[in-house]
Every structure is written in structure tokens, then in C-alpha cells.
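What follows is each chain in one-letter form.
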Amino acid sequence: MKRLSAVTLCLLAVLAAPAGAQTLDKVRKQGAITLGYIDGAAPFSYADGNGEPQGYSVELCRAVADGIAAQLKRERLKVRWVKLTIQNRIDAVRKGQVDLECSTTTWTLSRQQLVDFSLVTFVDGGSLLVGAQSDVGQIKDLEGKRIAAITGTTTDKALREALAKRMVKAQVVSIKTREEGLALLGQGQIEALASDRTALIGLVVMGAGAHGSFKLLDQDFSIEQYALMLPRGDHEFRLAVNRVLARVYRSGEIEKIYGRWLGPLGPPSLLLSATYFIQSLAE
């Protein structure tokens, strides 16, 4: 009976453990790590002409994979990439379909009830893209107009709050992708497209010319802190990920990564530079 009770307690302990608590063990045993990315979120994450994931967040995740391999005393890890959507990315992490998500996910407290996050990887702001000849210069100019935003995102929520705070009555049109919103903007079916500022710039740079000419408003309506998403409650895996990111920030390697993907947009903002500096944690 004592032996049976001990076995039962062990089984209960395993069943009670968080679903993500086995990530490092799984990676060690399989010699592989599964990374998720979103196509169409340049310059942070997208698929190139060969279908290979590229971008700022993608490169950070590749650095994490190399760093975790070193921590596990392995020469390298096989990297498996899974294409996700904005709609299924959180569930993919929760269900263990990916070990780490590498795109433009904003760290919020409500999301942290479902998943965990790494150190902050980027700081952006919600902004609006309009036609080059548009007379819209501020949020207050959107009275009676149509604005597209991706359903279920922090941008969607922040936009609605910004409109309500300024008592601007505008129609928010739900879309699934930024590309869909850009097409609607080019066709004149909406007056503005809401998303993170850098993602909107990337959208235009990556071939939006086919849809027309555009401009970004100077006014942001939110702040977006990007982080890599990982399983909730998996403290050892989160520590392993953060060890790599802290080293990347501490060593100055982040400056090269930023330069490759975001350099053409100008140097890091003072806020982003401070984010890197503050998170340059010592071992």
C-alpha cells in the first residue's frame, strides 16, 4: 500500500504540473525546438521568397535557439518553424504546438493569464495609416469615418478606447490581416488603417506601392511592448530564454540585429534604447 500510495502521489504531481513545465526536457530529448512566426509582419516576422522565416523577432528567436543549445551543452538544435496567424498564436503556445512565438505580440496582463512572456524585445506605438492626400491629421479628424483594425488585437482595443476618450464617433471595421486592411485603404473603402507604427511602415516598404501612396499620422494612440510568447508557468524555460536575450542586450549584439532589420527607419528611440539597457541583466 505504501508503494502504491507513493506511485499515486508521483502521478498526481506530474498531472498537476503546468503543461509547459517540460519544455526544456522535451527540447533536450528531441534535440529540436519549435518556433512560431507570423507571415506579413515585416520587418519583425515574414516569409521570404523561399518561404523561410525572416525578420527582427525571428532573428532574436534564432539567437535564443542557439543560446539554449549551449545551455543544454549541445552543438546545435534543430529548429522547426510553424506559420501562425494573429488569431491562433496564443492557442498555439497554450496547446504546446510551438515552444516560442516570434512576431509582434504585445505583453499584456490579460494575456499573461494564458501564457508567459520573455523580456521585452521592442517598444512600439499604435498608429494610423491614411492615403497620401487624406486631410486626416489627428484622431479627432476621424469623426464619421471608417477605420480598419485587426480583430482581437491590443491595437483594436486601444483604438476604440482612444476614440471614446476623445468622443470621436467613427466606425471600426474588423479585418484579419494588415494586407486586407491595406487593400481596403487603397480601394477607398476605409479612411484609415490602424496597427503598430513599425509594422505599418514595414507593410508599405514590403510592396504596398501596388495599392497606392500613403502616410502615417504623427500621433500614436497606444504603447505596445513586444515580447516572445512562451508556455505559462514554465519558469525554467522562461529563464533560459531570458538568459539569452539579456546577453544579446548586454553584449551590444542587439544593435547589429536592430540595424539589419530596422536600421533604415533610423536609430532606436530613447525609450527602446533604455529598454535594452535596463534589461541587460547580469548572470
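The numbers attached to residues start from 1 for each chain and follow its sequence in the written order. Whole-chain, interface and lining totals are the exception, using all residues; otherwise, since this is a predicted model, local features are given only for residues with pLDDT of at least 70 and side-chain atom pairs are given and counted only at 80 or more. Side-chain measures were taken over the full set of non-hydrogen atoms in the model, leaving aside hydrogen atoms and water.

Confidence of the prediction at every residue is given by pLDDT, a number between 0 and 100. Taken over all residues, the pLDDT of the protein chain has a mean of 91, while the share at 70 or more is 91%. Confidence over residues 6-20 falls short of pLDDT 50; this stretch has five contacts with residues more than four positions distant or in other chains. Only heavy atoms matter for contacts: two residues are in contact if any of them lie within 4.5 Å across the pair.

Among all positions of helix α10 (residues 270-278), only L272, T275 and Y276 are buried. Here the buried residues of α10 occupy an arc of 95 degrees about the axis, which is enough to place them on one side. Away from its buried face, by an angle of more than 90 degrees, α10 presents the exposed residues L270, F277 and I278. To sort residues, take the accessible area from a 1.4 Å probe on protein chains only and compare it with the maximum for the residue type: under 20% means buried, over 50% means exposed, and anything in between is partly exposed. For the purposes of this entry, the term helix denotes a DSSP run of H or I that reaches at least four residues, the term strand denotes a run of E that reaches at least two, and both are numbered from the N terminus. Working definition: the arc comes from the directions between the helix axis and the C-beta atoms, pointing outward to the latter.

What follows concerns the state of the cysteines. Only a pair of cysteine sulfur atoms within 2.5 Å qualifies as a disulfide here. Taken as a whole and assessed by the stated rule, the structure comprises one disulfide. Here C61 pairs with C102 through a disulfide, and the sulfurs are 2.0 Å apart. Every disulfide takes its handedness from the sign of the S-S torsion; for C61 and C102 that torsion is -100 degrees, giving left-handed. One end of the pair, C61, is in helix α3 (residues 56-71); the other, C102, is in the loop between β5 (100-101) and β6 (116-131), with 41 residues separating them in the sequence. On the basis of relative accessible area, C61 is assigned to the buried category, the value being 0%. Looking at C102, the relative accessible area reads 0%, which means it is buried.

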